[in-house]
Amino acid sequence: GGGGGGGRAGRRRRWAKTEERQVATLVDASRRVVASHLARDGKLLELCADWVKGNRRLVAVAVKQNGLALEFADDKLKQDRRLVLAALKRNGRALAYASPSFRRD
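Predicted model, so just to flag it, every value in this text is computed and none were measured. (Residues numbered from 1 in each chain as written. Predicted model: local features only at pLDDT ≥ 70, side-chain atom pairs only at ≥ 80, totals over all residues. Heavy atoms only, no water.)

A. Structural view of the overall build of the protein chain. Assigned secondary structure in the protein chain consists of five helices and zero strands. For the protein chain, the sequential pattern of α-helices and β-strands runs α-α-α-α-α. Taken over C-alpha atoms, the radius of gyration comes to 21 Å for the protein chain, far larger than the 13 Å a tight globule of 105 residues would show. Evaluated residue by residue, the protein chain yields a buried proportion of 30% over its 105 residues. Intrachain contacts of the protein chain at a sequence separation of at least 6 include 37% that bridge at least 24 residues. Of the accessible surface of the protein chain, which amounts to about 7,200 Å², a share of 51% is contributed by carbon and sulfur atoms. (Helix = DSSP H or I, 4+ residues; strand = E, 2+ residues; numbered from the N terminus. Rg over C-alpha atoms; globule rule 2.2 N^0.38 Å. Buried < 20%, exposed > 50% of the residue type's maximum accessible area, 1.4 Å probe, protein only. Contact = heavy atoms within 4.5 Å. Areas by Shrake-Rupley, 256 points an atom, 1.4 Å probe, with all protein chains shown as cover.)

B. Spotlight on the packing of helix α3 (residues 56–65) against helix α4 (residues 81–90). Between α3 and α4, the least distance of the axes is 7 Å, while the angle of their chain directions is 20°. By the criterion of interaxial angle, the relationship of α3 to α4 is roughly parallel. When you trace α3 past α4, the crossing you get is left-handed. Contacts between α3 and α4 involve Arg56, Val59, Ala60, Val63, Lys64 and Gln65 on the former and, on the latter, Arg82, Leu83, Ala86, Ala87 and Arg90. (Axes fitted to C-alpha atoms, helices over the stretch in contact; angles between N-to-C directions. Parallel < 35°, antiparallel > 145°, perpendicular 65-115°, else oblique. Left-handed = near helix turned anticlockwise from the far one by under 90°.)

C. Local environment of the nonpolar core. Among the nonpolar cores identified, the biggest contains 23 residues, and Leu38, Leu45, Val52, Val59, Val63 and Leu70 are the most heavily contacted of them. Sorting the residues of this core by element identifies α1 (4–40), α3 and α4 as the ones contributing at least two each. Here the element with the most residues in this core is α3; it accounts for five residues. Contacts of Val59, omitting those with residues within four sequence positions, involve Leu45, Val52, Lys53, Ala73, Leu77 and Leu83. (Core = buried A, V, L, I, M, F, W, Y, C linked by side-chain atoms within 4.5 Å.)

D. Here's a closer look at α3. Taken as a whole, α3 has its buried residues at Leu58, Val59, Ala60, Ala62 and Val63. Its side-chain oxygen at 3.1 Å from the backbone nitrogen of Arg57, Asn55 defines the N-terminal cap of α3. (Polar contact = N/O pair within 3.5 Å; in protein donor to acceptor, adjacent residues only side chain to side chain.)

E. View of the environment of Ala87. Take Ala87: it is sitting in helix α4. Taking relative accessible area as the criterion, Ala87 reaches 0% and is therefore assigned buried. Put simply, Ala87 and Ala62 are 25 residues apart on the chain and 8.7 Å apart in space, counted from C-alpha to C-alpha. Excluding anything up to four places from it in sequence, Ala87 contacts Val63, Gly67, Leu70 and Ala94.

The following block contains the structure:
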């Protein structure tokens, strides 16, 4: 019989889309769990994976709870003016962990 291969390919595509949605849901749930922990103790950022330390939203949660969490943020985020200001608002000593360009200001 003809036409059987098209059905299988269609099922594979649907399965892949379902997998993508499931992975996206898991990643979103992981971000929420990490955010809830960082909201209680920002210094937990030290123990987080690099993808967390480089995620602006999650680092913002951490530094708003504890400005010194800026120490553990990705270097690129230590140059982010809004993040650095949020960290400084919580703890002026966070300036020590900001990009050197902030210390010149």
